[in-house]
Amino acid sequence: SSDFEAAAATLQSVKRRLPVATQLQLYALYKQSTQGDAPSDAPSSLHVTASAKWTAWDALRGCEAARARQQYV
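Note that this is a predicted model, so its numbers are computed, not measured.

### Observations concerning the nonpolar core
The nonpolar side chains of a soluble globular protein tend to be buried with one another.
Reasoning step 1: If you look at the biggest cluster of nonpolar residues, it comprises 15 residues, and the most contacted ones within it are Ala-28, Leu-29, Leu-60 and Tyr-72.
Reasoning step 2: For this core, the secondary structure elements donating two or more residues are helix H1 (2-14), helix H2 (20-35), helix H3 (48-58) and helix H4 (65-72).
Reasoning step 3: Per element, the largest residue contribution to this core is 4 residues, and it comes from H1.
Reasoning step 4: Look past the residues within four positions of Tyr-72 in its chain and what remains in contact with it is Phe-4, Ala-7, Ala-8, Leu-11, Leu-26, Leu-29 and Tyr-30.

In structure tokens, the structure reads:
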């Protein structure tokens with residue numbers, strides 16, 4: 001939807017000013033909206049950032065894309 005695309009564009013310019021937890025939640029909602037469930041293979045815990053992103057995304061497993069988009073906006 002255009003609201004989702006507008007929110008994604010707006011967040012690109014401000015996301016670094018948001019708390020890390022908020023950034024991770026928005027990342028997870030975006031990925032769930034655009035790609036569905038996270039891959040079943042989690043990245044190595046040695047890759048801290050990738051692991052945190054995957055964990056946030058995987059927490060949304062089963063969430064419908066439309067619902068994730070609504071929460072993102």
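### A short note on the pattern of salt bridges
Where charged atoms of side chains with opposite charge meet at close range, the side chains can pair.
Reasoning step 1: Under the criterion given, the structure shown has 2 salt bridges.
Reasoning step 2: Between Arg-61 and Asp-58 there is a salt bridge whose closest N-O contact spans 2.6 Å.
Reasoning step 3: Residue Asp-58 is classed as partly exposed on the basis of its relative accessible area, which comes to 22%.
Reasoning step 4: A single salt-bridge network, built from bridges that share partners, covers Asp-37, Asp-58 and Arg-61.

### Points about the packing of H1 against H2
Reasoning step 1: Running from N to C, H1 and H2 point in directions that differ by 145°, and their axes come no closer than 12 Å. The two elements H1 and H2 cross, and the hand of that crossing is left-handed. Taking contact as the criterion, the partners of Phe-4, Ala-8 and Leu-11 in H1 are, on H2, Leu-26, Tyr-30, Ser-33 and Thr-34.
Reasoning step 2: Split by residue class, the contact of H1 with H2 holds 5 nonpolar, 2 polar and no charged.

### Points about the packing of aromatic side chains
Reasoning step 1: Considering all chains together, one arrives at 3 aromatic pairs under this definition.
Reasoning step 2: Between the aromatic rings of Phe-4 and Tyr-30, the centroid separation amounts to 5.6 Å while the plane-to-plane angle is 15°, which identifies the pairing as stacked. Pair noted here: Phe-4 is in helix H1 and Tyr-30 is in helix H2, with a separation of 26 residues, a long-range link.
Reasoning step 3: Residue class for Phe-4 comes out buried when judged on its relative accessible area of 8%.

### What about H1?
Reasoning step 1: Between its first and last C-alpha, H1 extends 19 Å over 13 residues, near the 18 Å set by a 1.5 Å rise per residue.
Reasoning step 2: Listing the buried residues of H1 in full gives Phe-4, Ala-7, Ala-8 and Leu-11. With its buried residues spanning 100° around the axis, H1 presents them on a single face. Away from its buried face by more than 90 degrees, H1 exposes Ser-2, Glu-5, Ala-9, Gln-12 and Ser-13.
Reasoning step 3: Structurally, H1 contributes buried residues whose contacts are with H2 and H4.

What counts as what
Per-chain numbering applies: the sequence of each chain, read as written, is numbered from 1 onward. For a predicted model such as this one, the threshold for reporting local features is a pLDDT of at least 70, and the threshold for listing and counting side-chain atom pairs is 80 or more; totals across whole chains, interfaces and linings nevertheless cover every residue. The basis for the side-chain values is all heavy atoms of the structure; hydrogens and waters are excluded. We define the nonpolar core as a collection of buried residues of types Ala, Val, Leu, Ile, Met, Phe, Trp, Tyr and Cys that are connected through side-chain atoms lying within 4.5 Å of one another. For each residue, the accessible area found with a 1.4 Å probe, counting protein chains only, is set against the maximum for its type, and the residue is called buried under 20%, exposed over 50%, and partly exposed in between. Under the DSSP-based scheme used, a helix requires at least four consecutive residues in state H or I and a strand at least two consecutive residues in state E, with every element numbered from the N terminus. Working rule for contacts: check all heavy atoms of both residues, and any pair within 4.5 Å makes them a contact. Salt bridges are counted wherever a side-chain nitrogen of Lys or Arg sits within 4 Å of a carboxyl oxygen of Asp or Glu. To obtain each axis, a line is fitted to C-alpha atoms, and for helices this fit is confined to the stretch in contact; angles are then taken between N-to-C directions over 0 to 180 degrees. When the near helix sits turned anticlockwise from the far one by under a right angle, the crossing is termed left-handed; a clockwise turn instead gives a right-handed crossing. Gly falls in the polar group here, along with every residue not listed as nonpolar (Ala, Val, Leu, Ile, Met, Phe, Trp, Tyr, Cys, Pro) or charged (Asp, Glu, Lys, Arg). Aromatic rings from Phe, Tyr and Trp, with only the six-membered ring used for Trp, were paired whenever their centres fell within 6.5 Å, and each pair was classed as stacked if the ring planes differed by under 30 degrees, edge-to-face if by over 60, and tilted otherwise. To estimate how far a helix should reach, multiply one less than its number of residues by 1.5 Å. Arc, as used here, means the arc of the directions from the helix axis to the C-beta atoms.

The values are spatial; any link to function lies outside them.
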